[in-house]
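Reading the structure
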Amino acid sequence: MKTLLIKGGRVVDPKQNLDRVTNVLVCDGKIAEITDEMPAADFVIDVSGKIVSPGFIDIHMHEDDYDSENDAILTSMSTSALHMGVTLDIGGNCGDNSMDPSRFLDITDRDGAPVNIGILVGHTWLRNSGGKTDKYSPIPRDTLKAMINSCEEHLANGALGISFGVKYVPGTTDDEIQGLSRLCRKDSKIVSSHVRADVDGVFDAADELARTGQQAGVRVQFSHIGSMGGYGQMTELLEKVAEYRESGIDMLCDCYPYSAFSTGIGETTYDDGFLKRYNAGYDSILIVSGKYAGKRCTKEIFDELRAEAPETATVGYFMKPEDIKTALLSPLVMIGSDGVRTDGMGHPRASGAFARFISDYMSTGLVSVSDGIRKMSTMAAERLNLTRKGNLMTGSDADITIFDINRVKDMATYENGQIPPVGFDYVLIGGEIALKNDKVVNGRLGRSVRR
């Protein structure tokens, strides 16, 4: 067995209500002891002046694509996650999977990955796999039955729950939502949703998600609440979430620390009437992939890309910064990057969400160190019922992030969303060093996380 002593850091573990300078002993990939003593170890790293935290968990991201030619999963997204202290990515969000979710987990175990990977089964992926690609229409009962059978198999193979992208598939019916969501009741798995509408429609959409939780008897996750209610609705929306919880509906939320969203130009987000809904012009859209990458949109560009290149990635500058701040300060909200890329380009959240939260909220004192780490790790682990993740308890997996709170900085921009952050001294996955001084030293330590 290999032992590692992490010496002299400020150890913060919200699960244990721990925040003090001490030492962490790692043995054979697990937390062996938190101690003020100096036990013998095969390796010692001195992290005086740094924060020692459970590895961050990104509860909402979009996993890397599958390269069928080489039978391999690409690593752009997960490498970016590692650079910002994340040790576990949860993919399959907003109803989408990049490929068969069970096979994705199997390949992750076969090849390793920059970080650990958990997967949700995407409703849209199930729908499209059944040949029903018309997002505006409901599906017949025999298709739903086949989707339910397929979903059961993926949940049995360790998927952590189900995701919906109802806004992107407006033809989704209550029968679909309830029929699939009920599958998560048995093992208390999660149901997440990109809800049906944003701006003023977000309140009815939140009610729909609450009904899902109540009627299916499951825990529900309100995905990226900032991009759904960040247009002047946030305070009232969070009050509604609190009311749901008081009535017995287990709903929580995630959010990224940016006041612009990202989506494909062909998505329903940009259906007729969107400019009036957002009270904005075409120039509030930045094109971030394809022939017009880096340009602000015009009506001519918009019409061309909607018709000829609907997969083109965009950034929409519509949200109110004060609403995002309100969300991130709420005890009902955890951090999720919603990271996604197209053609290697994309929103900076994929590279910098956790770093930005540290620099803008924790280092400034808006959020305490303990509460901030809870939002980045412990909340997600508890949400997913992963007892050995998101904490530094004896016997837990030694997924550990060590950082300098005064030096962490998000370097990514909307024009170049791949620039990694700075300020991360070490990231350990299973007790092994994956990143040191902001440099990846082992990009294959990650494995699947199943339940």
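Above this text you will find the structure in question.
Described in the following lines is the structure provided in the data block. Residue indices begin from 1 for each chain and proceed along its sequence in written order. Per-residue local features of the predicted model are confined to residues with pLDDT of at least 70, and side-chain atom pairs are confined, for both listing and counting, to 80 or more; whole-chain, interface and lining totals are unaffected and use all residues. No hydrogens and no water enter the side-chain calculation; it runs on all heavy atoms of the structure.

1. Some words on the overall build of the protein chain
Helical segments are the DSSP runs of H or I of at least four residues, strand segments are the runs of E of at least two, and each set is numbered from the N terminus. Secondary structure assignment for the protein chain yields 13 helices and 23 strands. Across its three principal axes, the protein chain shows a C-alpha extent of roughly 65 × 50 × 45 Å. A simple rule labels every residue: compare its accessible area, found with a 1.4 Å probe on the protein chains alone, to the largest value its type can have, and call it buried under 20%, exposed over 50%, or partly exposed in between. Of all 451 residues assigned to the protein chain, the portion counted as buried reaches 59%. Pairs at least 24 apart in sequence give 75% of the contacts found in the protein chain among residues at least 6 apart. Summed over all atoms, the accessible surface of the protein chain reaches about 17,200 Å², with 47% contributed by carbon and sulfur. Should any heavy atoms of two residues lie within 4.5 Å, those residues are counted as being in contact. The method behind every accessible area is Shrake-Rupley, applied with a 1.4 Å probe, and residues are considered shielded solely by the protein chains displayed.

2. With respect to helix α12 (residues 349-362)
Between the first and last residue of a helix there are one fewer steps than residues, each counted as 1.5 Å, and that sum is the expected span. With 14 residues, α12 should reach 20 Å at 1.5 Å per residue; the first-to-last C-alpha distance of 17 Å falls well below that figure. At every residue, the bend is computed as the angle between two fitted axes, covering the seven residues ending there and the seven beginning there respectively. The largest bend in α12 comes to about 35°, at alanine 355. Of all the 14 residues making up α12, twelve are buried; the element is thus mostly covered by neighbouring parts of the structure. Along α12, the positions that sit buried rather than exposed are Arg349, Ala350, Ser351, Gly352, Ala353, Phe354, Ala355, Phe357, Ile358, Ser359, Tyr361 and Met362.

3. Points about the packing of aromatic side chains
Ring pairs are drawn from Phe, Tyr and Trp, using the six-membered ring of Trp, whenever the two centres fall within 6.5 Å, and their geometry is named by plane angle: stacked under 30 degrees, edge-to-face over 60, tilted for the rest. Evaluated as defined, the whole model comprises 16 aromatic pairs. When the ring of phenylalanine 56 is compared with that of phenylalanine 424, the centres are 6.4 Å apart and the planes differ by 80°; the resulting orientation is edge-to-face. With phenylalanine 56 in strand β6 (residues 56-58) and phenylalanine 424 in strand β21 (residues 424-429), this residue pair connects regions lying 368 residues apart in the sequence. By relative accessible area, which is 0% here, phenylalanine 424 ends up buried.

4. Some points on the nonpolar core
Nonpolar side chains tend to gather and get buried jointly when the protein is soluble and globular. We define the nonpolar core as a collection of buried residues of types Ala, Val, Leu, Ile, Met, Phe, Trp, Tyr and Cys that are connected through side-chain atoms lying within 4.5 Å of one another. Of all hydrophobic cores here, the largest spans 121 residues; its most connected members are Phe222, Ile225, Ile358, Met362, Met376, Phe403 and Phe424. Ranked by size, the runner-up nonpolar core spans 16 residues in total, among them Leu4, Leu392, Ile400 and Tyr426.

5. Looking at the pairing of strand β1 (residues 3-13)
Taken across its eleven residues, β1 has nine buried, putting it largely inside the fold. Relative to strand β2 (residues 18-27), β1 runs antiparallel, the two being bridged by nine bridges. Residue valine 11 lies in a different strand from β2, and its bridge partner there is arginine 20. Pairing between two strands requires that DSSP report at least two bridges joining them. When β1 meets strand β4 (residues 43-46), the two strands line up parallel, connected through four bridges. Within β4, the residue paired with leucine 4 across the bridge is phenylalanine 43. For β1 and strand β5 (residues 51-54), the ladder comprises two bridges, and the chain directions are parallel. Residue pairing across strands places arginine 10 opposite isoleucine 51, the latter belonging to β5.

6. Looking at the sheet that holds strand β19 (residues 333-335)
Pairing is parallel across the open sheet formed by six strands, whose spatial order is β11-β12-β13-β14-β15-β19. Single-partner strands in this sheet number two, and they are β11 (121-122) and β19. As judged from the three bridges shared by strand β14 (residues 219-222) and strand β15 (residues 251-255), these two strands associate in the parallel manner. Across the sheet, glutamine 221 pairs through a bridge with leucine 252, a residue of β15. Between N-to-C directions, angles span 0 to 180 degrees; the directions come from axes that are lines fitted to C-alpha atoms, helices contributing only their stretch in contact. Contacting β13 (190-194), β14 and β15, helix α6 (residues 202-216) runs over the sheet at an angle of about 160° to β14.

7. Some thoughts on the pattern of salt bridges
For this document, the term salt bridge refers to a Lys or Arg side-chain nitrogen within 4 Å of an Asp or Glu carboxyl oxygen. All told, the structure shown has 28 salt bridges when counted by the stated rule. The partner of aspartate 111 in a salt bridge is arginine 110, with the nearest N and O atoms 2.8 Å apart. Assessed through its relative accessible area of 47%, arginine 110 is described here as partly exposed. Taking the shortest distance from any N to any O, the salt bridge between aspartate 338 and arginine 349 comes out at 3.2 Å. Of this pair, aspartate 338 sits in the loop between β19 and α12 while arginine 349 sits in helix α12, placing them eleven residues apart in sequence. Summarising the burial analysis for this pair, aspartate 338 and arginine 349 share the class buried.

8. A short note on a negative patch on the surface
Candidates for patches are residues over 30% relative accessible area with no salt bridge; among them, like charges are joined within 9 Å and nonpolar side chains (Val, Leu, Ile, Met, Phe, Trp, Tyr) within 5 Å. In this count, Lys and Arg are taken as positive residues and Asp and Glu as negative ones, while His and the chain termini are left out. Just so you know, the charge point we use is NZ for Lys, CZ for Arg, CG for Asp and CD for Glu. On the surface, Glu236, Glu239, Glu243 and Glu246 cluster together into a negatively charged patch. Here glutamate 239 is to be found in helix α8 (residues 234-246). Classification of glutamate 239 as partly exposed rests on a relative accessible area of 47%.

9. Considering the packing of helix α5 (residues 174-181) against α6
The interhelical angle for the contact between α5 and α6, taken along N-to-C directions, is 45°, at an axis separation of 10 Å. Here α6 runs oblique to α5, going by the angle between their axes. For α5 against α6, the interelement crossing comes out right-handed. Facing Asp174, Ile177, Gln178 and Ser181 of α5, the residues of α6 in contact are Glu208, Arg211, Thr212, Gln215 and Ala216. With respect to orientation, any angle under 35 degrees is reported as roughly parallel, any angle over 145 as roughly antiparallel, any angle of 65 to 115 as roughly perpendicular, and every other angle as oblique. Crossing handedness is defined as follows: a turn of the near helix away from the far one that is anticlockwise and smaller than a right angle gives a left-handed crossing, while the clockwise case is right-handed.

10. A word on the sheet that holds strand β17 (residues 285-287)
In spatial order, the strands read β16-β18-β17; together these three strands make up an open sheet with antiparallel pairing. The open sheet terminates on both sides in strands that have one partner only, identified here as β16 (261-264) and β17. Going across the sheet, the axis of each strand differs from the next one's by a mean of 30°, ignoring polarity. Summarising the sheet, β17 and strand β18 (residues 313-316) pair through three bridges and their orientation is antiparallel. Paired with leucine 286 across the strands is valine 315, a residue of β18.

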